[in-house]
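Inside the fold
Each chain, letter by letter, is given below.
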Amino acid sequence: LAGPSYTVRSLCAVGRGEDGGAILRQVSKNRPADMFPTALTQLARANPFSAPLFSLQKVEEPQTQTPVPNRRLAAAAVAEGDSCEFGSQKYLILCGFGGILSCGTTHTAVVPLDLVKCRMQVDPAKYKSIFNGFSVTIKEDGMRGLAKGWAPTFFGYSMQGLCKFGFYEVFKILYGDLLGEENAYMWRTSLYLAASASAEFFADIALAPMEACKVRIQTQPGYANTLRECAPKMYGEEGLWASFTVVLSEVLESLACEISLPALPRILSTLNLNRETAGFYKGVVPLWMRQIPYTMMKFACFERTVELLYKFVVPKPRSECSKSEQLVVTFVAGYIAGVFCAIVSHPADSVVSVLNKEKGSTAAQVLKRLGPKGVWKGLVARIIMIGTLTALQWFIYDSVKVYFRLPRPPPPEMPESLKKKLGLTE
């Protein structure tokens, strides 16, 4: 039953009221007799399914569709209006780029205020207040003197922003997946704190060399005026990696206060030989002390403030707000978070400023010398600087997401499964 003008199709003879044997006999009149021996015809009539299963009819062959070029498998997961999937490689790369713009540009813009703040911390007798610090600096160095340290600030905080915002998104997704949807919602503040602390740990390693150059340029007149002068000079005098002996020394010193080890004095005396060669990473531990609490407050406070603003202050849901209205909420939440950031991180910031100016000092020694009141010098300047800085950083970062059409999830809502468990739904 084969031929160019025939193909096989299903037929139920009983349902259509046709005689299967009659169909076969009709076909056999037009085909050679040897094609249908008697035995084959009898078998067809005695079909156990009561009817022949197939008949012949010419049909058109279905045309195969050509594949769509450059189609991506993840396209179905991309929401309408977004340029990529949330958590994808493109998303994380662009978040890192947003961090570079937000941190590098804003920190560079407030270099004059940062310079006066640092000088108030290391020499409070000479620089008594913000306005006095600006006045003295302009008299001694001119207006150009207020821009000292802009290059290490720009490059250092650009690298820090890349790691801070990029790794924050990575760790937030990673820890959220580990916790699961319900636990991630219930423990979301702890999730923000853990993700931001993990990100800042790596961000400070990227920042430390440029931060050391910046403080040295700003607080040691005559040492160097530019990054090109300062970096080679510091590397020649103090090296790059010797700071890890200082880190280990400080850890062992803290242990010495708690336990008694016979070999500890000998170890400490060996490590003390390298205190003069602390290099670019001399302030990495105080930097962690300053930046990790700062970043934890920056991200956790911002996330929760945004959530509360949309819940209690903004008169309409976020989905009904325009992009510009959403960015205003971002700026306000960023400034509120920045005020708390400045207060939490200021004591460690004072220690870092003094530590990078002086050779042969440890964080514990500087902290003891400054005392409880000394570590709060320059707090007002830092609140103004960090509040504005944090607000602008979040505004720029969110603007980058808007420009590149990145996914911007709304404030978290309780999962339906958790609502059912808590009896909040019928």
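Residues numbered from 1 in each chain as written. Predicted model: local features only at pLDDT ≥ 70, side-chain atom pairs only at ≥ 80, totals over all residues. Heavy atoms only, no water.

Let's talk about the packing of aromatic side chains
All told, the structure shown has 18 aromatic pairs when counted by the stated rule. When the centroid spacing of 6.3 Å and the interplanar angle of 85° are considered together, the rings of F331 and F395 count as edge-to-face. With F331 in helix α14 (residues 323–357) and F395 in helix α16 (residues 379–403), this pair connects stretches of sequence that are 64 residues apart. A relative accessible area of 31% means that F395 is categorised as partly exposed. Every member of this aromatic cluster is reached through a ring pair, and the members are F165, Y168, F299, F302, W394 and Y397. Lying over the aromatic face of Y223, R216 brings its terminal NZ or CZ to 5.1 Å of the ring centre. (Phe/Tyr/Trp six-rings, centres within 6.5 Å; stacked < 30°, edge-to-face > 60°. Helix = DSSP H or I, 4+ residues; strand = E, 2+ residues; numbered from the N terminus. Buried < 20%, exposed > 50% of the residue type's maximum accessible area, 1.4 Å probe, protein only. Lys NZ or Arg CZ within 6 Å of the ring centre and 35° of its normal.)

What to know about empty space enclosed by the protein
All told, the structure shown has 3 cavities of 30 Å³ or more when counted by the stated rule. Its volume calculated, the largest cavity comes out at about 140 Å³. Looking at the largest cavity, it is lined by 15 residues, and the ones nearest its centre are H107, D114, Y157, R382 and M385. Elements supplying a minimum of two residues to the lining of the largest cavity: α5 (111–122), α7 (150–179), α9 (188–219), α13 (284–313) and α16. (1 Å grid on protein atoms, 1.4 Å probe; cavity = no way out; pocket = protein on both sides within 12 Å on 5 of 7 lines; lining within 4 Å. Points joined across faces, edges and corners; volume = space filled by probe spheres on them.)

Topic: the pattern of salt bridges
In this structure the tally under the stated criterion is 18 salt bridges. For the salt bridge of E303 with K172, the shortest nitrogen-to-oxygen distance reads 3.3 Å. Taken as a pair, E303 in helix α13 and K172 in helix α7 lie far apart in primary sequence, 131 residues in all. Judged by relative accessible area, E303 falls into the buried class, the value being 17%. It is possible to trace a salt-bridge network through shared partners that takes in D114, K117, E211, K214, R290, D349 and R382. (Salt bridge = Lys/Arg side-chain N within 4 Å of Asp/Glu carboxyl O.)

Here we look at the layout of surface pockets
Of the pockets and cavities examined, the largest pocket occupies roughly 1,000 Å³. If you trace the largest pocket, you find 37 residues lining it, with K172, Y192, P409, P410 and P412 closest to the centre. When residues of the lining of the largest pocket are traced back to their parent elements, those giving at least two are α7, α8 (181–186), α9, α13, α14 and α16. Take the lining of the largest pocket: its biggest share by element is 7 residues, from α7.

Section: the nonpolar core
Ranked by internal contacts, the top residues of the largest apolar core, which has 26 residues, are F165, Y168, F302, Y310, W394 and L406. Listing elements by their share of this core, those giving two or more residues are α4 (89–109), α7, α9, α13, α14 and α16. Those residues in contact with Y310, other than ones at most four positions away along the chain, are R318, C321, Q326, V329 and P411. Listed in part, the 19 residues of the second largest apolar core include A151, A212, A224 and V284. (Core = buried A, V, L, I, M, F, W, Y, C linked by side-chain atoms within 4.5 Å. Contact = heavy atoms within 4.5 Å.)

Description of unusual backbone geometry
Where the residue is not glycine, phi is negative for most of them; where a peptide bond is considered, it is trans in most cases. Backbone geometry at R405 places phi at a positive 55°, although glycine is not the residue there. Following the sequence through the fold, R405 ends up in the loop between α16 and α17 (416–421). The partly exposed category is assigned to R405, whose relative accessible area is 45%.

Concerning a nonpolar patch on the surface
The grouping of V328, F331, V332, Y335, I336, F340, L392 and F395 at the surface amounts to a nonpolar patch, some 630 Å² of accessible area in total. Among the elements that make up the nonpolar patch, the one with the highest residue count is α14 (6 residues). Of note, I336 is situated in helix α14. What makes I336 partly exposed here is its relative accessible area of 34%. (Patch = residues over 30% accessible without salt bridge, like charges linked within 9 Å, V, L, I, M, F, W, Y side chains within 5 Å. Areas by Shrake-Rupley, 256 points an atom, 1.4 Å probe, with all protein chains shown as cover.)

Everything listed is a geometric property; what it means functionally is a separate question.
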